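Residue-level structural notes
Read off the chains here:
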Protein chains: 2
Amino acid sequence: MINIGIVGCGNLGRAAAALLPQSTDMTLTAIFSRRKLPGCLPFSQIAQWKGKLDVLLLCGGSASDLPAQSAALARDFCIVDSFDNHSQIPTHFQNVDKAAKEGATVALISAGWDPGLFSLFRLYGAAVLPQGKHYTFWGPGVSQGHSDALRRIEGVADARQYTLPQEVTLSEALTPFQMHRRHCYVVAKAGADKEKIQQTIRQMPGYFAPYDTTVEFVTQAQLDRDHSGLPHGGRVICTDTESTMEYRLQLSSNPQFTAGVLLCCARAVSRLYRRGETGCKTLLDIAPADLTATGREELLKQML
Amino acid sequence: MINIGIVGCGNLGRAAAALLPQSTDMTLTAIFSRRKLPGCLPFSQIAQWKGKLDVLLLCGGSASDLPAQSAALARDFCIVDSFDNHSQIPTHFQNVDKAAKEGATVALISAGWDPGLFSLFRLYGAAVLPQGKHYTFWGPGVSQGHSDALRRIEGVADARQYTLPQEVTLSEALTPFQMHRRHCYVVAKAGADKEKIQQTIRQMPGYFAPYDTTVEFVTQAQLDRDHSGLPHGGRVICTDTESTMEYRLQLSSNPQFTAGVLLCCARAVSRLYRRGETGCKTLLDIAPADLTATGREELLKQML
């Protein structure tokens, strides 16, 4: 059995805990949180668990938690994280790799669907179609980062942002702004200046400008009733003149699917560690067979 | 540079030779054929090339060539084959594994898209969605095995069989017969009994019975004009109650795409061999990063 520890009790951590019993070769040994929560151990005590956990799933956020946490914990534990700040991945990889090599552990970063499975399919596309191009569409789905950005705006009580793929003809000149539009459901505080809120959103660099952005004001009751879920998905298309490969995801719960990826990555990490490997990995470094509990004979029969 | 040898000068071998220059880290060193063909070396001389080729691409057929050839050549060469007789894969794996371990070589079998890439995506689906089910649809596309079967029928001069996916609601009870239908374009010999040909086709066990099979008689000119290509494709769908993963291929040339898979597998095989690994592998055993010539730093930037 693989002893799993979970760090963080937000959407992702709770989803991982709920999903874990589906994997008969893993057992949930401990959940750690900075907050006082029933069933969670204080994060401050995690050092005492060194040697008692096979893999730690780090379920914190990429903005504040993981940049420091992954490298710090990789010295004492094998870890899996879902670091998804694309531009910062090379730096994060270096930091975690150094820590994991010094601690003789195995760390797998940026597990999830993008980065993660979508990265895999971009790579398979590039390997099989060396002269092909790849395109990634996100959505339709809720972007938690963009929803958070909306909530930080003055006069906004609550909000939810949907990223929506555009119907476009594929071409190398396409920008993310042409491939996607953004729909914001916003609950304004009493007496707030809705016109000003709209302008602030549309002009927010990086997040909304220059995207085709729609702002729709709703009541808190409407938001809670119609937009409480976290659906997401997207497509990776790799194509050359002769062949087209397309990988499509449709997820009713983004955290639950991401948790599923983290769990099979934990299985692979525990195997690499037992083989004496050390250092930082990504899904691109993992032999697919190491992600599953199914043995070789069954794989040859069922999968090939 | 990776020195590649190609065995077989049919559709697949010629496609591999034509595609190879797209990979700047590989060079085509020799092509072997049993037939006397310009630019091809006699297959009987292949033993003299031991130690002069990094990887041999075996581009023969799964029915007659590969079962003996792969194991025999794996004693002296690292090989990649596209063995696609699904039910025989476990036996083929054992034979090739034994030979490759005795010869201290690396062999990768069943490379292509199914078995091959579709196997990968069935595995990723099963790993991420342990309670999910996977479904594979083939086509629309030309099945060379079924076209050959038609040509062996008395009174048939030439033929082409298209496998077509059916629009069905996914359920565990689905059989391949319900998921696909078959359309046969048949050129009858002068004076042949077309009624008898139709019956023979519809009743051919395994190949056409009990599929929904259409037989359409055409002239040789029509067949050559409209059905000379080898397009193919299909879909793998993995789904549970919450999430759906779909992988779709659309190929204008089945041999060309398969050759692209063989070539990136050859790259991986040469790396495994340099690391001192031996024995038989499949795509399920290959870390995706080993399929590409792109270095780690670029992969982290471009793919993740």
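Residues numbered from 1 in each chain as written. Chains lettered and ligands numbered in written order. Predicted model: local features only at pLDDT ≥ 70, side-chain atom pairs only at ≥ 80, totals over all residues. Heavy atoms only, no water.

Per the secondary structure count, chain A includes 10 helices and 14 strands. Whereas a compact globule of 304 residues would reach a radius of gyration of roughly 19 Å, chain A reaches 21 Å, a difference of no more than 12%. Taking the principal axes of the C-alpha coordinates as reference, chain A spans close to 60 × 55 × 35 Å. Within chain A, buried positions represent 55% of all 304 residues. In chain A, 66% of the contacts between residues at least 6 apart in sequence involve partners at least 24 apart. Carbon and sulfur atoms provide 49% of the accessible area of chain A, an area that totals close to 12,900 Å². If you average the places of the 30 positive and of the 28 negative side-chain charges in chain A, the two averages end up 5 Å apart. (Helix = DSSP H or I, 4+ residues; strand = E, 2+ residues; numbered from the N terminus. Rg over C-alpha atoms; globule rule 2.2 N^0.38 Å. Buried < 20%, exposed > 50% of the residue type's maximum accessible area, 1.4 Å probe, protein only. Contact = heavy atoms within 4.5 Å. Areas by Shrake-Rupley, 256 points an atom, 1.4 Å probe, with all protein chains shown as cover. Lys, Arg positive; Asp, Glu negative; His and termini not counted. Charge placed at Lys NZ, Arg CZ, Asp CG, Glu CD.)

So, on to the relation of the copies chain B and chain A. Superposing chain B onto chain A requires a rotation of 180° together with a translation of 0.0 Å along the rotation axis, leaving an RMSD of 0.0 Å. Accordingly, the operation relating the two chain copies is best matched by a two-fold axis. (Least-squares fit on C-alpha atoms with pLDDT ≥ 70 in both.)

Moving on to the packing of aromatic side chains. Counting across every chain of the model gives 22 aromatic pairs over all chains. For the pair B:Phe32 and B:Trp49, a centre-to-centre distance of 5.8 Å together with 80° between the ring planes defines the contact as edge-to-face. Within this pair, whereas B:Phe32 is found in strand 2 (residues 26-33), its partner B:Trp49 is found in the loop between strand 3 (41-42) and strand 4 (55-58), the two being separated by 17 residues in sequence. On the basis of relative accessible area, B:Phe32 is assigned to the buried category, the value being 1%. Plain terms: the ring middles of B:Phe121 and B:Tyr247 are 3.6 Å apart, the flat faces sit at 35° to each other, and that makes the pair tilted. You can see B:Phe121 sitting in helix 4 (residues 117-128) and its partner B:Tyr247 sitting in strand 13 (residues 243-251), a full 126 residues away along the chain. Pair check on accessibility: B:Phe121 and B:Tyr247 agree, each one buried. Three or more aromatic residues joined by ring pairs make a cluster, and in this case those are A:Trp113, A:Phe118, A:Phe121, A:Tyr124, A:Tyr247, B:Trp113, B:Phe118, B:Phe121, B:Tyr124 and B:Tyr247. Over the ring of B:Tyr211 we find B:Arg182, and its NZ or CZ is 4.1 Å from the ring centre. The ring of B:Phe137 is capped by B:Arg235, whose NZ or CZ atom sits 4.9 Å from the centre of that ring. (Phe/Tyr/Trp six-rings, centres within 6.5 Å; stacked < 30°, edge-to-face > 60°. Lys NZ or Arg CZ within 6 Å of the ring centre and 35° of its normal.)

What follows deals with the confidence of the model for chain A. Across chain A, pLDDT averages 96, with 100% of residues at or above 70. In the predicted assembly, ipTM is 0.95 and pTM is 0.96. (pLDDT = per-residue confidence, 0-100.)

Residue and element names in this part refer to chain A. Ordered in space as 3-2-1-4-5-6-14, the seven strands form an open sheet in which the pairing is parallel. Since the sheet does not close on itself, it has two edges, and those belong to strand 3 (41-42) and strand 14 (279-281), each with one partner. Across three bridges, strand 4 (residues 55-58) lies against strand 5 (residues 79-81) in parallel orientation. Counted as the bridge partner of Leu58 is Asp81 from strand 5. Relative to the sheet, helix 3 (residues 89-102) contacts strand 5, strand 6 (106-108) and strand 14, its axis offset from that of strand 14 by approximately 140°. (Pairing = 2+ DSSP bridges. Axes fitted to C-alpha atoms, helices over the stretch in contact; angles between N-to-C directions.)

Side chains A:Val55 and A:Leu57 project from strand 4 of chain A onto one buried face, and the interleaved A:Leu56 and A:Leu58 project onto a second face that is buried too. In the classification by handedness, the crossover that spans strand 4 of chain A, the intervening helix 2 (residues 66-74) of chain A and the parallel strand 5 of chain A is right-handed. (Right-handed = clockwise from strand over helix to strand, strands pointing away.)

Here the focus is the domain arrangement of chain A. Residues and elements named next belong to chain A. Under the domain assignment used here, chain A contains domain 1 (2-115 + 255-302) and domain 2 (133-239). Listed by partner, the interface residues are four residues for domain 1 and seven residues for domain 2. At the boundary of domain 1 with domain 2, total buried surface from both sides reaches about 380 Å², with 65% on carbon and sulfur atoms. Three residues, Trp113, Asp114 and Pro255, lead the burial of domain 1 against domain 2; their summed loss comes to 84% of the area buried on that side. Where domain 1 touches domain 2, the interface holds zero salt bridges. (Domains from an automatic or database assignment. Buried area = accessible area lost by both parts, 1.4 Å probe. Salt bridge = Lys/Arg side-chain N within 4 Å of Asp/Glu carboxyl O.)

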